[in-house]
Amino acid sequence: MRRGFAIVLILLTVLSTLFGVDVVLSCDDFILDDTCMYMGDDGIVWNRYGGEISCTFEIEESGYYDIILSYRPLESRMDDIELYFYIDGGQMGESFFEIPRIYSYGQIRKDENGDDLRALTWVDSSSVQEHLRPKDGSGAGFVQVHLDKGVHELVIRGRRTSFVLEDLTMHPHSDLQECTGPDSYSGCVLIHVEAENISRSTSTTLTSQFDRSSSATSPSDPSHLLLNIAGGTNWNKDGDFIAWDFDVEQEGWFQIGMRFRQNTKTGLASYRRIWIDGKVPYATFDEVAFPFDGTWQLRTIDEFIHLKAGRHEIRIEVVPGPYSAQMSRLQRIVDDLNGIYRQIIMITSTSPDPDREYDIDREIPGLMDDFAAVRDALVACAQELNVISGETGMSYTTITTLVNQIDSFIRDPESIPDRLSVFKGNITSLSSWIYSVSEQPLDLDWIEFRQAEAGFSDVNGSFIADLVYSIGTLISSFSSEDEDADGALEVWVQTGRDQMQVVNDLVDEFFTPSTGIDVEVSLVQTGIEQAVLAGSGPDVVLFMPYATPVTLAMRNALYPLDSFEDFDETVIGYADEDDLVPYRFEGHCYALPLTETFPMMFYRTDIFQELGIEPPSTWDEFKMVIPIIQRANMEVGLSSAWTTFVTFLMQNGGRLYDEDRTGTMLDSEEAYRAFRDYTRYYSDYSLPLTFDFFNRFRSGEMPLAITDYTEWGRLDYAAGEISGLYSMAPIPSTNGDGSCCVTNAQAAVILGDCDMVEEAWAFLKWFVSVDVQTEYGLRIESQMGPSGRYQTVSDEVMSNLSWLPEELEVLLTQKAEAYAVEQIPGSYYTQRNITSAFRNVVIGGENEREILDRYGDTIDREIMRKRQELGLGGGS
């Protein structure tokens, strides 16, 4: 019976091919925009941003078609390849499509202590085939396009590229088959694949991990850190896969089993698609569920697969799961809700007057109908999710809360203004809930292929084995793992754990092998000043806040870096002279700059178009735009930090300190004009003193804001619903001839009591080199995504990161105007008192000139006192 059914399926498959034929478009079929690409020996070499190719093709039978690309990734500073597709003049999808760049892995390495080091990775430039898939995770399948019989035009436009396009296939879509194996299986072979031995993946963030939770984890050692699992929370993005190569000695039928752990998504499953040798064997492999549990589990697939003798590949790929279509619909509902919210605040503002009647339902025609439509859509999604989830325990509290609130709005429209903030909070909660449900984390320990008469390995260890393992782990924690640490250069990293690990990896891979200098890298985020002054500090500190080096240099706690003969040679081409300003003290430079952040002007292009305004380029234009935005009951954001005052001061041609850095110049006319402009943005234009840029900009409440440029990566990573609807530009200038701004920064220093000064300097020169800084930046971004993009001080390194050309152009334009504030004895008092002066004017209503003069004198007295304390002579 089963074989008869298989024969029917085969016949149906053969018949389906008669009604749909692959359309293969070779590289020769395309017309090239030769500014960004050229025709190579084996395909179109797309080696620059932008550009497009086009061709015409003929479809013999109408129907749905999958799009399959054959290509070779090239080494690049970018992760995914990003392309726009247009058929017959219409854009496919709402945005660009991501095509993975495949990475190969070397062997896991050992350090001198016997602990594992992660394998090196590199771009795999061999040919690969990939289906085009939805970028937004709106379905577990591939992109299908309906094509009528006849001639069509295809245009592919590049966004991020660096790859060789070999050909493109329009493949008639067909559903996967059910299993067609024999009636019975035999054999006792067991093939064991360790998950940490990754062969390929779509991202360098998909690395081997350490796990010491169980004695059954393979391999395990109570006294050493072994990389023994793969995946984790980074293995979460739709389309990301990890692949393993394995050998089969004898042909046969095999069942797949995996030791896994999914202890992150409470009550929900993570989902994966499983490929064998480039194909999904059967329908059951297309969406495999890995349910939640706090412990390790065994996941088997009932169907057996046939494997011939030789080398094979298993690829396990993240798919959105059965909730994907509903999550996509819910995200569109969130967009609709944000639109409704924006319409309301245009009438009420974000802080409605409780004594005013707004007549919302009459002021916004169709509002109640819009609410009813959104409410019905939410109820429908919840019902569909309830059917899908079954016994998984999915909670819909967030959806039902919004439904109940919308119902109450429809019954009583006059209550809307009073509960507007709660409404906004519920929209934000729904958006966060969608993101959490869409996550697909998974840990894998091993994958096994067993024949019918073989058994899978044990998933959990015995009580005795776990007890012995726990005792061994406890004992090993009291023993020193690094006997040679006393002879190593000690480096402290003052950022996050991910950054520290990347520094450590780079040292182990490149610095120590090439120099023979051992380095011990540690993460120390607080207490560095105290440790240094107490004489228990390291040799080198990386990513020290910009105000700290001079504070330590005043106390002779740092080594003057310009004492090295090749100091100028090291700095030239890496950083500008202005970047060294915060690190100079009494004729010496005590630090090398590493990072630099500065403000940019962000604006919502869609809202600006609705309001009929252009982004301002001067402060006068900025002041003209503010009332237009505020009349629509939206807000403009401008940081009230004291650095905004210094920005205005520099743009007015003033200085914060005098030439010899012994006093302020706050009594100058330039300082007064800058302080007046600074305070009046908040007293006259009522700009908010503090604001949540990300959420307000995302929702449209704040369509114009000046904030740190690093927010661009955050928006790119976590605000996909407004992709293409915002832009950034340099901040406005005073007279149109340069938009000077104030930067924030981090630096690298050598401690004054360092016993390995030459080795420390060799390390710093190596770390600030363009190649190492670029590699550091790329690795950080590969682990943390666009939101973790490195804020390098170097123009060349910034150009090597994943910025698009149009983004890089505006960033470098603003960066050229960036100014680092001098640090002098007592400069901590400057920030404190300028902030106090600001509050006295904006909140207390006092006179700008009188307040600035008063606090300027206070700062000057503290600078004089501090210089005398340090034996530097009196100030001005």
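Just so it is clear, the model here is predicted, and its values are computed rather than measured.

Q: What is the right way to read the overall build of the protein from this model?
A: In terms of helices and strands, the protein carries 23 helices and 42 strands. The C-alpha atoms of the protein give 31 Å as radius of gyration, which agrees with the globular expectation for 876 residues (29 Å, within 12%). Taking the principal axes of its C-alpha atoms as reference, the protein extends roughly 100 × 75 × 60 Å. When burial is assessed residue by residue, the protein has 54% of its 876 residues classed as buried. Intrachain contacts of the protein at a sequence separation of at least 6 include 77% that bridge at least 24 residues. Computing the positive centroid from 64 side-chain charges and the negative centroid from 143, the protein places the two 4 Å apart.

Q: What is the right way to look at the sheet that holds strand β41 (residues 744-750) in this model?
A: Pairing between the strands of a sheet is mediated by backbone hydrogen bonds and can be parallel or antiparallel. Spatial strand order, β31-β30-β32-β41-β35: 5 strands in an open sheet with mixed pairing. With one partner strand each, in any of the chains shown, β31 (519-523) and β35 (592-597) form the two edges of the open sheet. Going across the sheet, the axis of each strand differs from the next one's by a mean of 20 degrees, ignoring polarity. Helix-sheet contacts for helix α18 (residues 757-767) involve β30 (489-493), β31, β32 (540-545), β35 and β41, and the interaxial angle to β32 is about 50 degrees.

Q: What am I meant to see in the side chain of D66 here?
A: Tracing the sequence through the fold places D66 in strand β6 (residues 63-73). With no salt bridge to any partner, buried D66 finds its closest opposite charge in R273, at an N-O distance of 9.8 Å. A polar contact is formed between the side chain of D66 and the side chain of H173, at a distance of 3.2 Å. For D66, the residues in contact, after removing those within four places along its chain, are H131, V143, Q144, T169, M170, H171 and H173.

Q: Teacher, can you tell me more about the sheet that holds strand β39 (residues 726-729) here?
A: Within the open sheet, the 4 strands sit side by side as β37-β38-β36-β39. Their pairing is mixed. With partners counted over all chains shown, the strands left at the sheet margins are β37 (636-638) and β39, one partner each. Each strand of the sheet is rotated relative to its neighbour by a mean of 30 degrees, with strand direction disregarded. With 5 bridges joining them, strand β36 (residues 599-604) and strand β38 (residues 704-708) adopt antiparallel strand pairing. Within β38, the position partnered with Y603 by the bridge is L704. Against the sheet, helix α21 (residues 805-815) contacts β36 and β39, and its axis sits at roughly 140 degrees relative to β36.

Q: Help me out: how do you make sense of unusual backbone geometry in this one?
A: In terms of backbone geometry, most residues other than glycine have negative phi values and most peptide bonds are trans. Of the consecutive residues S218 and P219, the connecting peptide bond is found in the cis state with omega at -10 degrees. The topology assignment puts P219 in the loop between β20 (208-210) and β21 (227-232). In this structure, D277 takes a positive phi of about 55 degrees despite not being glycine. By secondary structure assignment, the location of D277 is in the loop between β24 (270-276) and β25 (288-290). Its identity as a non-glycine residue notwithstanding, E586 has a phi of 50 degrees, on the positive side. Among the secondary structure elements, E586 is positioned in the loop between β33 (584-585) and β34 (588-589).

Q: Which parts of the structure should I look at to understand a negative patch on the surface?
A: On the surface, a cluster of negative charge is made up of D667, E850, D853 and D857. Its location among the elements puts D857 in helix α23 (residues 848-869). Overall, the relative accessible area of 44% leaves D857 in the partly exposed class.

Q: Help me understand the pairing of β31 in this model?
A: A regular strand carries its side chains on alternate faces of the sheet. Sheet topology note: the β30/β31 ladder contains 5 bridges and is parallel. Within β31, the position partnered with V493 by the bridge is L523. A crossover connection joins β30 to the parallel β31 through helix α8 (residues 497-515); in handedness this β-α-β unit is right-handed.

Q: Which parts of the structure should I look at to understand the environment of K866?
A: For K866, the position within the fold is in helix α23. Judged by its relative accessible area of 9%, K866 is buried. For the pair K866 and S827, spaced 39 residues apart in sequence, the C-alpha separation works out to 9.5 Å. Leave out the neighbours within four places in its chain, and K866 touches R555, P825, G826 and Y828.

Q: Can you walk me through a nonpolar patch on the surface in this structure?
A: Side chains of F463, I464, L467, V468, I471 and I475 sit close together on the surface and give an oily, nonpolar patch of about 640 Å² of accessible area. On the secondary structure map, V468 appears in helix α7 (residues 463-476). Overall, V468 belongs to the exposed group, its relative accessible area being 55%.

Q: Could you clarify how one ought to interpret the nonpolar core in this entry?
A: Judged by nonpolar contacts, the single largest core of 174 residues is most densely connected at L542 and F763. Per-element tally for this core: the top contributor is helix α2 (residues 324-348), with 9 residues. For L542, the residues in contact, after removing those within four places along its chain, are V491, W492, V493, Q494, V503, L594, A747, A748, F763, L764 and F767. Residues C27, I99, L154 and F163 belong to the second largest nonpolar core, which totals 37 residues.

Q: So what exactly am I meant to see when it comes to the side chain of T512 here?
A: When you line up the elements, T512 lands in helix α8. On the accessibility criterion, T512 (18% relative accessible area) is buried. Not counting residues within four places of it along the chain, the set of residues in contact with T512 comprises V507, I517, D518 and V519.

Q: Hey, could you run me through the pattern of salt bridges in this one?
A: Oppositely charged side chains can pair when the atoms bearing their charge come close. A full pass over the atoms with the stated rule returns 43 salt bridges. The closest approach of N and O atoms between R849 and E669, which form a salt bridge, is 3.6 Å. Placement of the pair is R849 in helix α23 and E669 in helix α15 (residues 669-683), with a sequence separation of 180 residues. Its relative accessible area of 35% is what places R849 among the partly exposed residues. When salt bridges that share partners are traced, they join E130, R133, R273, D286, R315 and E317 into one network.

Q: Looking at this structure, how should I read the packing of aromatic side chains?
A: The geometry of two aromatic rings is summed up by the distance between their centres and the angle between their planes. Counted according to the given criterion, the structure contains 49 aromatic pairs. Ring geometry for F622 and Y681: centres 5.8 Å apart, planes at 70 degrees, overall edge-to-face. Here the residue F622 occupies a position in helix α13 (residues 619-631), and Y681 occupies one in helix α15, the gap between them amounting to 59 residues. Ring pairs connect the aromatic residues F511, F543, F763, W766, F767, Y776 and Y790, which therefore count as one cluster. Above the plane of the ring of Y341 lies K424, whose end atom (NZ or CZ) is 5.4 Å from the centre. If you follow R849 out to its NZ or CZ, it ends over the ring of Y672, 3.8 Å from the centre.

Analysis parameters
- Residues numbered from 1 in each chain as written.
- Predicted model: local features only at pLDDT ≥ 70, side-chain atom pairs only at ≥ 80, totals over all residues.
- Heavy atoms only, no water.
- Helix = DSSP H or I, 4+ residues; strand = E, 2+ residues; numbered from the N terminus.
- Rg over C-alpha atoms; globule rule 2.2 N^0.38 Å.
- Buried < 20%, exposed > 50% of the residue type's maximum accessible area, 1.4 Å probe, protein only.
- Contact = heavy atoms within 4.5 Å.
- Lys, Arg positive; Asp, Glu negative; His and termini not counted.
- Charge placed at Lys NZ, Arg CZ, Asp CG, Glu CD.
- Pairing = 2+ DSSP bridges.
- Axes fitted to C-alpha atoms, helices over the stretch in contact; angles between N-to-C directions.
- Salt bridge = Lys/Arg side-chain N within 4 Å of Asp/Glu carboxyl O.
- Polar contact = N/O pair within 3.5 Å; in protein donor to acceptor, adjacent residues only side chain to side chain.
- Patch = residues over 30% accessible without salt bridge, like charges linked within 9 Å, V, L, I, M, F, W, Y side chains within 5 Å.
- Areas by Shrake-Rupley, 256 points an atom, 1.4 Å probe, with all protein chains shown as cover.
- Right-handed = clockwise from strand over helix to strand, strands pointing away.
- Core = buried A, V, L, I, M, F, W, Y, C linked by side-chain atoms within 4.5 Å.
- Phe/Tyr/Trp six-rings, centres within 6.5 Å; stacked < 30°, edge-to-face > 60°.
- Lys NZ or Arg CZ within 6 Å of the ring centre and 35° of its normal.

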